[in-house]
Amino acid sequence: MKRHKIPVVLAGILMLLTLLWTRPAFAADVDVSTMQGLKQAIVDKNSITLTADIEVKEELTIPADYNGTIKSEGKTLSLASGVNNMFVIAKGANVTFDN
């Protein structure tokens, strides 16, 4: 019976080491000051810090696999006339808006 304990213990140690080396993917933090930069940061699935006021001139879609934060840092996102929605957030997206 003792001969079977060693492979089980070794398998457990290998599993633990694998979990320690595997790191979850986190969104990169990017500074954004333009509408185009905001769009690109969302497409690239980055967390965003606004560095300037931005007028949102079209509806922005946050994809289902987005996982990040949009921080205003005292800056403002304003909606341009004729645009009905600033953001459309897809089901499954994990976005936090931080003022």
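Refer to the structure above for everything that follows.
Remember, it's a predicted structure, so these values are computed and weren't measured experimentally.

Cut-offs and rules
Residues numbered from 1 in each chain as written. Predicted model: local features only at pLDDT ≥ 70, side-chain atom pairs only at ≥ 80, totals over all residues. Heavy atoms only, no water. Helix = DSSP H or I, 4+ residues; strand = E, 2+ residues; numbered from the N terminus. Buried < 20%, exposed > 50% of the residue type's maximum accessible area, 1.4 Å probe, protein only. Contact = heavy atoms within 4.5 Å. Areas by Shrake-Rupley, 256 points an atom, 1.4 Å probe, with all protein chains shown as cover. Core = buried A, V, L, I, M, F, W, Y, C linked by side-chain atoms within 4.5 Å. Phe/Tyr/Trp six-rings, centres within 6.5 Å; stacked < 30°, edge-to-face > 60°. Arc of directions from axis to C-beta. Salt bridge = Lys/Arg side-chain N within 4 Å of Asp/Glu carboxyl O.

Draft legend 1. Up close: the overall build of the chain. Helix and strand counts for the chain come out as 2 helices and 8 strands. The helix and strand sequence of the chain, counted from the amino end, reads α-β-α-β-β-β-β-β-β-β. Residues classed as buried in the chain amount to 23% of the 99 residues present. Relative to all contacts within the chain whose residues are 6 or more apart in sequence, the contacts with residues 24 or more apart total 42%. Entry remark: accessible area of the chain is about 7,200 Å², with carbon and sulfur atoms responsible for 57%.

Draft legend 2. Just the nonpolar core, in detail. One finds Leu38, Ile42, Ile48, Leu60, Ile62, Ile70 and Phe87 to be the most contacted residues of the largest nonpolar core, which totals 16 residues. Secondary-structure elements contributing two or more residues to this core are α2 (35-43), β2 (47-50), β3 (54-56) and β4 (60-62). If one sorts the elements of this core by residue count, α2 sits on top with 4 residues. Here isoleucine 42 is in contact with Ile48, Leu60, Thr61, Ile62, Pro63, Tyr66 and Phe87, once residues within four sequence places are set aside.

Draft legend 3. Representation of the packing of aromatic side chains in the model. Counted under the stated rule, the structure contains 1 aromatic pair. Ring geometry for phenylalanine 87 and phenylalanine 97: centres 5.2 Å apart, planes at 50°, overall tilted. Taken as a pair, phenylalanine 87 in strand β7 (residues 87-89) and phenylalanine 97 in strand β8 (residues 94-98) lie far apart in primary sequence, 10 residues in all. Judged by its relative accessible area of 18%, phenylalanine 87 is buried. For phenylalanine 97, a relative accessible area of 43% puts it in the partly exposed group.

Draft legend 4. View of α2. Inspection of α2 places Met35, Leu38, Ala41 and Ile42 among the buried residues, and these make up the whole buried set. Burial along α2 is one-sided: seen end-on, the buried residues are contained in an arc of 130°. At its buried positions, α2 is contacted by β1 (29-32), β2, β3, β4, β6 (77-79) and β7. Positive phi shows up at lysine 45, right after α2, with a value of about 60°.

Draft legend 5. Summary view of the pattern of salt bridges. All chains considered together, the criterion is met by 2 salt bridges. Between glutamate 58 and lysine 39 there is a salt bridge whose closest N-O contact spans 3.3 Å. With glutamate 58 in the loop between β3 and β4 and lysine 39 in helix α2, this residue pair connects regions lying 19 residues apart in the sequence. The salt bridge involving aspartate 65 is made with lysine 45; its shortest N-O contact spans 3.6 Å. A residue pair is termed long-range when its members are at least 10 positions apart, and aspartate 65 in the loop between β4 and β5 (67-71) and lysine 45 in the loop between α2 and β2 qualify at 20 residues.

By themselves, these figures tell us nothing about what the structure is for.
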